[in-house]
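Coordinate inspection notes
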Amino acid sequence: MDEFKWTEDLMIGVKAIDEDHQSFFDICNNLIHIENKGEIDRLVIISYLNILNEYIEGHFLREEKAMKKSNYPHYAGHRHHHEVFKKRVEDLSKLYIDEKIDILQDLIHLITNWLISHIKIEDMKYRNWITESNIDSRHLYMID
Ligand SMILES: [Fe+2]
């Protein structure tokens, strides 16, 4: 499986958001390396799944708070996209953790496909709304 490549056309132009997105690529690339090596260590994978779910939670909250603050008109639809994706990742993670079903490839495909199209289509739409002045730039774990 090829590495997940970050490209310039994925830049939103708001530092905290672009850094979050790049972190998703890093997490996903770590999972791709594990999958490619074939050395499946459940504890390591579970740790990555936990990090991934926490990142999703914090990053989506960061975006949604900024959308609300800037009165972004497509907030509800955008939030719905987030909720559907979040649930799919949670469900796959749960399958792996509870039932020991190998979901790694499905999860990697889900993240890579969803993230690239979500950034290019949905996130790009809020570019004129979310700015450095209305975003909560603290670390993801501090967003509430
Ligand atoms: Fe988003």
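1. Remarks on the overall build of the chain
Helices and strands together make up the secondary structure of the chain, namely four helices and zero strands. Beginning at the N terminus, the succession of helices and strands in the chain can be written as α-α-α-α. The C-alpha atoms of the chain give 15 Å as radius of gyration, which agrees with the globular expectation for 144 residues (15 Å, within 12%). Based on the C-alpha atoms only, the size of the chain along its principal axes is roughly 45 × 30 × 25 Å.

2. Examining the packing of helix α1 (residues 15-37) against helix α4 (residues 104-125)
In contact at an axis separation of 10 Å, α1 and α4 are set at 155° when each is read in the N-to-C sense. On the basis of their axis angle, the class for α1 and α4 is roughly antiparallel. The chirality of how α1 crosses α4 is left-handed. Residues H21, F24, C28, L31, I32 and E35 of α1 form the contact with α4, whose own contacting residues are L104, Q105, I108, I111, T112, L115 and I119. Among the residues forming the contact of α1 with α4, the class breakdown is nine nonpolar, three polar and one charged.

3. Focus: unusual backbone geometry
Positive phi values are uncommon outside glycine, yet N71 reaches one of about 55°. The residue N71 is located in the loop between α2 (42-69) and α3 (75-99) in this model. With 9 C-beta atoms packed within 10 Å, N71 lands in the exposed category.

4. A closer look at α3
Between the first and last C-alpha of α3 there are 35 Å, a value that for 25 residues agrees with the 36 Å anticipated at 1.5 Å per step. Positive phi shows up at K100, right after α3, with a value of about 55°.

5. Brief notes about the packing of α3 against α4
Between α3 and α4, the shortest axis-to-axis distance is 11 Å and the interhelical angle comes to 170°. By the angle between their axes, α3 is roughly antiparallel relative to α4. Between α3, through H78, H81, F85, R88, V89 and L92, and α4, the contact on the second element is made entirely by D106, L107, L110, W114, H118 and E122. Of the residues assigned to the contact of α3 with α4, the class counts are six nonpolar, three polar and three charged.

Definitions and limits used
- Residues numbered from 1 in each chain as written.
- Predicted model: local features only at pLDDT ≥ 70, side-chain atom pairs only at ≥ 80, totals over all residues.
- Helix = DSSP H or I, 4+ residues; strand = E, 2+ residues; numbered from the N terminus.
- Rg over C-alpha atoms; globule rule 2.2 N^0.38 Å.
- Axes fitted to C-alpha atoms, helices over the stretch in contact; angles between N-to-C directions.
- Parallel < 35°, antiparallel > 145°, perpendicular 65-115°, else oblique.
- Left-handed = near helix turned anticlockwise from the far one by under 90°.
- Contact = placed C-beta atoms within 7 Å.
- Nonpolar A, V, L, I, M, F, W, Y, C, P; charged D, E, K, R; others polar.
- Buried ≥ 20, exposed ≤ 12 C-beta atoms within 10 Å, placed from the backbone.
- Expected span 1.5 Å × (residues − 1).

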